[in-house]
Amino acid sequence: MHGFSYRNGELFCENVSLQSLAEEHGTPLYVYSGSTLVDHFSRLDSALSGVSHEIAYAVKANSNLSVLRLLASKGAGFDIVSGGELFRVIKAGGDPAHCTFAGVGKTREEIVYALEQGIYSFNVESEEELRYLNQVAGELGKIAPAAVRVNPNVDAKTHKYISTGKSENKFGVDFGAIADLYERAAAELPNIKLRGLQMHIGSQLTSIDPFIEAVEKVIPLVTSLKEKHGIEFWSIGGGIGIVYEDTLASGSPEWWASKSESERPLTIEKYGEELVPRLKDLGLKILLEPGRYIAGNAGVLITRCLYEKKGSAKTFKIVDAGMNDLIRPALYEGHHEIVPLTEPKTSDRLKVDVVGPICESGDFFCQNRELPDFQPGENIALMSAGAYGFVMASNYNTRPFPAEILVQGGEAKVVRKRQTLEDVIAGEEL
Ligand code: LLP
């Protein structure tokens, strides 16, 4: 569910008209729904209520300071992947003691910073990194809390670029090597406190099966690590998929009710029902690292149609956002639903490519898709753009970053100003 819907023929975010925001702030424009962020956080929290747990929001999905602050105010911890993300969490008022630090390539500077800030756990991806962490912690006279990321070799059945739990992926330590690694760490690494175990098998998982498979495979391992090394937490990662095809309709409970069990995308309630019984008697704190589930359908990217170009083979709608603003279609062939801000009056559809202004053929938001016939000058929304949208934007083609707006009820706040060209070249020297 989410806070975007047509009201009297106009697309709203909560109680604010998106057309009015586009007119006031220009396009391209990211708009987030605060109540949706909070609702997703709370629903996940309730779904896991049968087990001791903590939600460490994956900052990489959407790291705007106001988004982080809102989630921190609801009790979120944070999963970070860089010193920069830790810096953001602290600026937003988040507590480092509720931060886990993931990633295969942490630098010395990042490790020192995170040790000084007192994070909850380093989620370590190799024995080499664990030994280096021990060394740096020793030099600082500190004990580094750590969990190793287990690679359970489970197929997440998602896009190859966002699948992480197979042996051929660069992530984590082989399942079969974990027990020995914990033995060696306990015996040889005095500046490491083995606090937990971590896993994450991939992103945008739309079936519960890979989650169950991974959890069931790892339970005996985590149980024995608890007995032998007294670990206190198990992070089962993020990865919960969201609706991309029918995003707008999926904002209403009726849409969910209209789907049979087999047609229905993975719901957070199902996730909880299947996993909680398997996790609740382990005596471990369960950590979750959701990014997309919290933020994905809490945001849209508004863009204006500049031209319609009728080629001999295709009709192109050229818009003022490009792959530099939202790269998911170009990078993962990601599908984002496209809807006009003014509700179409007829059900007529035209087959079009919606493309950006960038000098690349990969700069498209859809190809050969049947869409309502919007015209130059009209604004459209690219749905499901709240996660891995703005955070993956670049200045390619010297295009400034869009502005970001956070809506809460009837109030809309600019939570990041649109970049100016001077901002873009700041730091460059002649
Ligand atoms: N934990 C770890 C260790 C991760 O690597 C990730 C995502 C998450 C949690 C959060 O996963 P989520 O709940 O959001 O699925 N840019 C891609 C997604 C990359 C995901 C990277 N890791 C996309 O736009 O689809």
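*Asks:* Teacher, can you tell me more about the site of the ligand here?
*Replies:* Near the ligand, the surroundings consist of 19 residues, among which Ser-203, Glu-289, Arg-328, Tyr-332 and Tyr-388 are the closest. Residue Gly-291 places a main-chain N or O atom 2.9 Å away from an oxygen atom belonging to the ligand. More than half of the atoms of the ligand fall within 2 Å of the grid points belonging to the largest pocket. A class-by-class count of the residues in the shell around the ligand yields 6 nonpolar, 7 polar and 6 charged. The residue makeup of the shell around the ligand includes at least three contributed by each of domain 1 (4-12 + 22-28 + 297-425) and domain 2 (34-294).

*Asks:* Can you help me understand the layout of surface pockets in this one?
*Replies:* Over the atoms rolls a probe the size of a water molecule, and its path tells where empty space is left. Empty space within the largest pocket amounts to approximately 620 Å³. Lining the largest pocket are 30 residues; nearest its centre among them are Lys-60, Thr-164, Phe-171, His-200 and Tyr-388. Residue assignment for the lining of the largest pocket shows that the elements contributing at least two residues are helix H11 (292-295) and helix H12 (328-332). Partitioned by chemical class, the residues of the lining of the largest pocket number 13 nonpolar, 9 polar and 8 charged.

*Asks:* What am I meant to see in empty space enclosed by the protein here?
*Replies:* By the definition in use, this model includes 3 cavities of 30 Å³ or more. For the largest cavity, the calculated volume is near 190 Å³. Forming the walls of the largest cavity are 17 residues, and the residues nearest its centre are Met-1, Gly-241, Ile-242, Trp-256 and Tyr-293. Breaking the lining of the largest cavity down by element, the ones donating at least two residues are helix H2 (34-47) and H11. For the lining of the largest cavity, the class distribution of residues is 9 nonpolar, 6 polar and 2 charged. When its volume is computed, the second largest cavity comes out at roughly 40 Å³. Lining the second largest cavity, in full, are Glu-54, Ala-56, His-98, Cys-99, Thr-100, Tyr-120, Lys-285 and Leu-287. Elements supplying a minimum of two residues to the lining of the second largest cavity: strand S5 (53-58), strand S7 (99-101) and strand S13 (285-288). Broken down by class, the residue content of the lining of the second largest cavity amounts to 4 nonpolar, 2 polar and 2 charged.

*Asks:* When you look at the domain arrangement of the protein chain in this model, what are you seeing that I'm missing?
*Replies:* Note: interface size is frequently given as the accessible area lost on complex formation between the parts. Taken as a whole, the protein chain is organised into domain 1 (4-12 + 22-28 + 297-425) and domain 2 (34-294). Computed from C-alpha atoms alone, the centre-to-centre distance between domain 1 and domain 2 is 31 Å. If you sort the residues of domain 1 by the area they bury against domain 2, Asn-297, Tyr-332 and Tyr-388 come out on top, with a joint share of 27%. Our enumeration of links across domain 1 and domain 2 arrives at 0 salt bridges. Seen at the junction of domain 1 and domain 2, the total is 10 residue pairs in polar contact (both at pLDDT 80 or more). Listed by contribution, the elements that provide at least two residues to the side of domain 1 that touches domain 2 are strand S1 (4-7), H12, strand S20 (403-408) and strand S21 (411-416). No other element matches S20, which puts 4 residues into the side of domain 1 that touches domain 2.

Rules used throughout
- Residues numbered from 1 in each chain as written.
- Predicted model: local features only at pLDDT ≥ 70, side-chain atom pairs only at ≥ 80, totals over all residues.
- Heavy atoms only, no water.
- Near = heavy atom within 4 Å.
- Polar contact = N/O pair within 3.5 Å; in protein donor to acceptor, adjacent residues only side chain to side chain.
- 1 Å grid on protein atoms, 1.4 Å probe; cavity = no way out; pocket = protein on both sides within 12 Å on 5 of 7 lines; lining within 4 Å.
- Sits in = over half its atoms within 2 Å of the grid points.
- Nonpolar A, V, L, I, M, F, W, Y, C, P; charged D, E, K, R; others polar.
- Domains from an automatic or database assignment.
- Points joined across faces, edges and corners; volume = space filled by probe spheres on them.
- Helix = DSSP H or I, 4+ residues; strand = E, 2+ residues; numbered from the N terminus.
- Buried area = accessible area lost by both parts, 1.4 Å probe.
- Salt bridge = Lys/Arg side-chain N within 4 Å of Asp/Glu carboxyl O.

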